[in-house]
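Descriptive structure summary
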Amino acid sequence: FSVINLDTSSFDAAQTTEVNGYFEDALTQELESVGLLPAGSTVTVTSILNGVVQYEIVTYADSSTDANTAVSQIQSSLSQTSTMASITSSVDTASSASSDPDLVSDMSTISVNSFSEGITTPPTSTSKVTTEGEFTVDNFDPSSFNAAQIEEAKDYFESTLTQELEDILPEGASVVVTGLGDDGSVQYEIHFYGTSSADSSTAITSINSSLSQTSTLTTISNTVQAESASSSTGIASSLSSVSIAQNTQVGTTGLTMTAAEEEETKAYFVAAITSSLGSDLPDGSVVTVTGIENGIVSYEITMNADSSEDASTAVASIETSLADASTLTAITASVASASSSSSNPTLVNAMSGVDVLSSTAGTTTESTVAKVMSDGQLTTNLSGLTPAEVTEASEYFEDAIAATLQAEGALPAGAFVAVTDIDSNGVVSYIITMYLPPGADNAVIVSGINSKLSSASTLAAISSAVASDASSSSSTITDLSSLDVTGFIRGESRGVSFKEWYPNWVASGSYCTNDGNQPPFMRESVNQGEYLFSTQKECCEQWFSYAQDCEGSSGDPNEERYFPLFSNGECSKKQVKHLEAYEQDRYDTLEECCSDRFSYSKEKCCDSPGMGGCTTSGEVVYLPDWRNNQCVVRSSDSLGTHEEEYANSSLSSCCSRFFDWPGSNCLESLS
């Protein structure tokens, strides 16, 4: 601007700053009065020299097109004679009230007489963060206001709120009152341009803290009353006794999360989806949030089922539940509640207004896995629990066993624990169900679980977890506070295996099996081609071409075989067709089973109920057990043709022949 009668050459720094402020305010008021200054814009006078006022306007818009349009309109307005006259009048009025008489005199005859366009820099991208809020206002009913009265009332609240937050709002921030509710509510937005998420979040936290104070709300109410007393549209009486009772933070958009904040947010959604689906989610299901972008939360649910039909039913049930508004509301409430306790203020603000609006079903894929079940027992110092207490305590044990094994890396993803009983002596019986992918070493996984549960530290961790859960749940089972899990009894393992087929010279009545228990030497790369096969047929042709019953059967499926029950040190029997794939320790007689697996308590084993007792038939021989690097007892009458060449008359000759290396414990096999 070129300004007549403006000579600042004798002004000191304070006078210069004061005059700069008059022109900044005049420019801002003029452009705002005609609606040309976008929210968040700032006007700065950069210099006044030789009667020329130079200024800079930083403006924000949602697009480059909008920004360029705003610049064009501002320049057009400022070039108008009427606009320059209005700016002159505003500066004259403001300076006439100065406390500096010299400045009052020097500014009394100025006149803005011309405008020259300066340089407009190309638009650049920056951040925009918006936080929304709402005032609950008593003694305020705008339901009968016309359009002009509504705009005037909004202006009063807007200017008052801006004034009250002036020391908190970052440069470039702006307050916009967006609506008045018929119930007297006032909706507003605060926009932050060009500030980091951290700085915006800090400001939002300070704003919410200030607006939660009764004194702040009272000040805003009083200022609105005072400013509206001179209303030009006749709403003074409607605002004369307004009282803001409460401020509510509605939500915040535009905050950018760090990688750590995104991971924390994902965890909130995982927990919310899991809890909200409840019984629609099959046991052992795993919910994973794979991404959060542009308000879209992408997730996967991995579940296990015993058949394709069961899987399809579960998927349909989940999709139906997630399409229900009540489920989405539950997810919203869970995420909001959990995130409100975050120690990260940026995350608290970003999640404050989260609202799950809809769910879109994605794709469903299905693959075949092995279902493996492993049971066992834990001995404890509990006794005499009532049925209701057994039910309650079972839940604590299920959670504790699962959490402890997961923490120790022994429990695969998707596995779950079910406690089937807690007897009067405090013995906890459980079943662990796992769904394992093809190629997983089922035997090693089960062995790893049993190994962990055999550890005193694992049992102590389970004891502690049960006691802690019971305490936090205010359980009335007093014995749980001093729970001591004293021991572990291995049970049975059963399931399906997808391991390679190999010649099994150990298990009675078996030729080729795929139970994953092949001896270590067969797994060595130099031996795999000779001992491991992708089909049973290939294995049989290589090793048992003479045996017509090798492929597809191990003899008469109705024949009975004895197998060990490790949970109680006994042997039982089943028809071959009913034996599980993992029940590979099969014997023709009770004598063989007890001698091989329970030699240390053979007498007790031979008395296994309903088994008829041990009877020795044929000559006792010893066969190599490559799986355990030991020798086992067999009856010569029970040997298959393929086993005869491996039979030995004594334990020492068997060990010397097959396991003669330093450190071998073969001779302790039957001790």
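Details of the structure are given in the entry above.
A short tour of the structure in this document, coming up. Because the structure is a prediction, the values reported are computed rather than measured.

Attention now moves to the overall build of the protein. Regarding its fold elements, the protein presents 21 helices and 20 strands. Over its C-alpha atoms the protein spans a radius of gyration of 41 Å, topping by over 25% the 26 Å that the globule rule assigns to 671 residues. Counting only C-alpha atoms and orienting by the principal axes, one finds that the protein spans roughly 130 × 55 × 45 Å. Sorting the 671 residues of the protein into buried and exposed places 43% on the buried side.

Secondary-structure assignment places Gly181 in the loop between strand E6 (174–180) and strand E7 (186–193). Exposure remark for Gly181: the relative accessible area of 13% places this residue in the buried category. As a C-alpha pair, Gly181 and Val446 span 265 residues in sequence and 64 Å in three-dimensional space. Those residues in contact with Gly181, other than ones at most four positions away along the chain, are Pro142 and Gln187.

Let us look at helix H14 (residues 442–453). Taking 1.5 Å per residue as the helical rise, H14 with its 12 residues ought to reach 16 Å, and the 17 Å between its terminal C-alpha atoms agrees with that figure. Taken as a whole, H14 has its buried residues at Asn442, Ala443, Val446, Ile449, Asn450 and Leu453. Looking straight down H14, one finds that the buried residues subtend no more than 130° of arc, so they occupy a single side.

Close approach of charged atoms lets side chains of opposite charge pair. Applying the stated criterion to the full structure yields four salt bridges. The closest approach of N and O atoms between Glu151 and Lys154, which form a salt bridge, is 3.3 Å. In this pair, Glu151 and Lys154 are both assigned in helix H5 (residues 147–164), three residues apart and thus about one turn of the helix distant. Judged by relative accessible area, Lys154 falls into the buried class, the value being 14%. Between Lys266 and Glu263 there is a salt bridge; the shortest N-O distance is 3.4 Å. Pair noted here: Lys266 and Glu263 are both in helix H9 (residues 259–277), with a separation of three residues, about one helical turn. A relative accessible area of 48% means that Glu263 is categorised as partly exposed. When salt bridges with common partners are traced through the structure, they connect Glu262, Glu263 and Lys266 into a single cluster.

Our focus in this paragraph is the packing of aromatic side chains. Within this structure, the stated rule accounts for 12 aromatic pairs. Geometrically, the ring pair formed by Tyr531 and Trp543 is stacked, given 5.3 Å between the ring centres and 10° between the ring planes. With Tyr531 in helix H17 (residues 525–531) and Trp543 in helix H18 (residues 536–543), this residue pair connects regions lying 12 residues apart in the sequence. Take Tyr531: its relative accessible area is 13%, and that puts it in the buried class. Taking the centre distance of 6.5 Å and the plane angle of 55° together, the rings of Phe658 and Phe659 count as tilted. The residues Phe658 and Phe659 share a single accessibility class, namely buried. Every member of this aromatic cluster is reached through a ring pair, and the members are Tyr646, Phe658, Phe659 and Trp661. Positioned above the aromatic ring of Phe566 is the side chain of Arg490, whose terminal nitrogen or guanidinium carbon lies 4.0 Å from the ring centre.

Evaluated as defined, the whole model comprises five disulfides. Covalently, Cys512 is tied to Cys539 through a disulfide, its sulfur atoms 2.1 Å apart. What sets the handedness of the Cys512 and Cys539 disulfide is the S-S torsion sign, and at about -85° it is left-handed. Of the two residues, Cys512 is situated in strand E16 (residues 512–513) and Cys539 in helix H18; the sequence distance between them amounts to 27 residues. The pair Cys512 / Cys539 is uniform in exposure class, with both members buried. One disulfide bridge connects Cys594 with Cys605, the sulfur atoms lying 2.1 Å from each other. Judged by the sign of its S-S torsion, about -75°, the cystine formed by Cys594 and Cys605 is left-handed. Pair noted here: Cys594 is in helix H19 (residues 590–597) and Cys605 is in helix H20 (residues 602–606), with a separation of 11 residues, a long-range link. On the accessibility criterion, Cys605 (0% relative accessible area) is buried.

Once that is clear, we can look at the sheet that holds E6. In a beta sheet, neighbouring strands are held together by backbone hydrogen bonds and run either parallel or antiparallel to one another. Ordered in space as E6-E7-E5-E8, the four strands form an open sheet in which the pairing is antiparallel. Edge positions in the sheet fall to E6 and strand E8 (243–253), since each has one partner strand and no second. Neighbour to neighbour, the strand axes of the sheet diverge by 25° on average, direction disregarded. Docked against the sheet, helix H6 (residues 197–211) engages strand E5 (128–138), E7 and E8, running at close to 150° with respect to E7.

What counts as what
Residues numbered from 1 in each chain as written. Predicted model: local features only at pLDDT ≥ 70, side-chain atom pairs only at ≥ 80, totals over all residues. Heavy atoms only, no water. Helix = DSSP H or I, 4+ residues; strand = E, 2+ residues; numbered from the N terminus. Rg over C-alpha atoms; globule rule 2.2 N^0.38 Å. Buried < 20%, exposed > 50% of the residue type's maximum accessible area, 1.4 Å probe, protein only. Contact = heavy atoms within 4.5 Å. Expected span 1.5 Å × (residues − 1). Arc of directions from axis to C-beta. Salt bridge = Lys/Arg side-chain N within 4 Å of Asp/Glu carboxyl O. Phe/Tyr/Trp six-rings, centres within 6.5 Å; stacked < 30°, edge-to-face > 60°. Lys NZ or Arg CZ within 6 Å of the ring centre and 35° of its normal. Disulfide = S-S within 2.5 Å. Pairing = 2+ DSSP bridges. Axes fitted to C-alpha atoms, helices over the stretch in contact; angles between N-to-C directions.

Read these as geometric descriptors, not functional statements.
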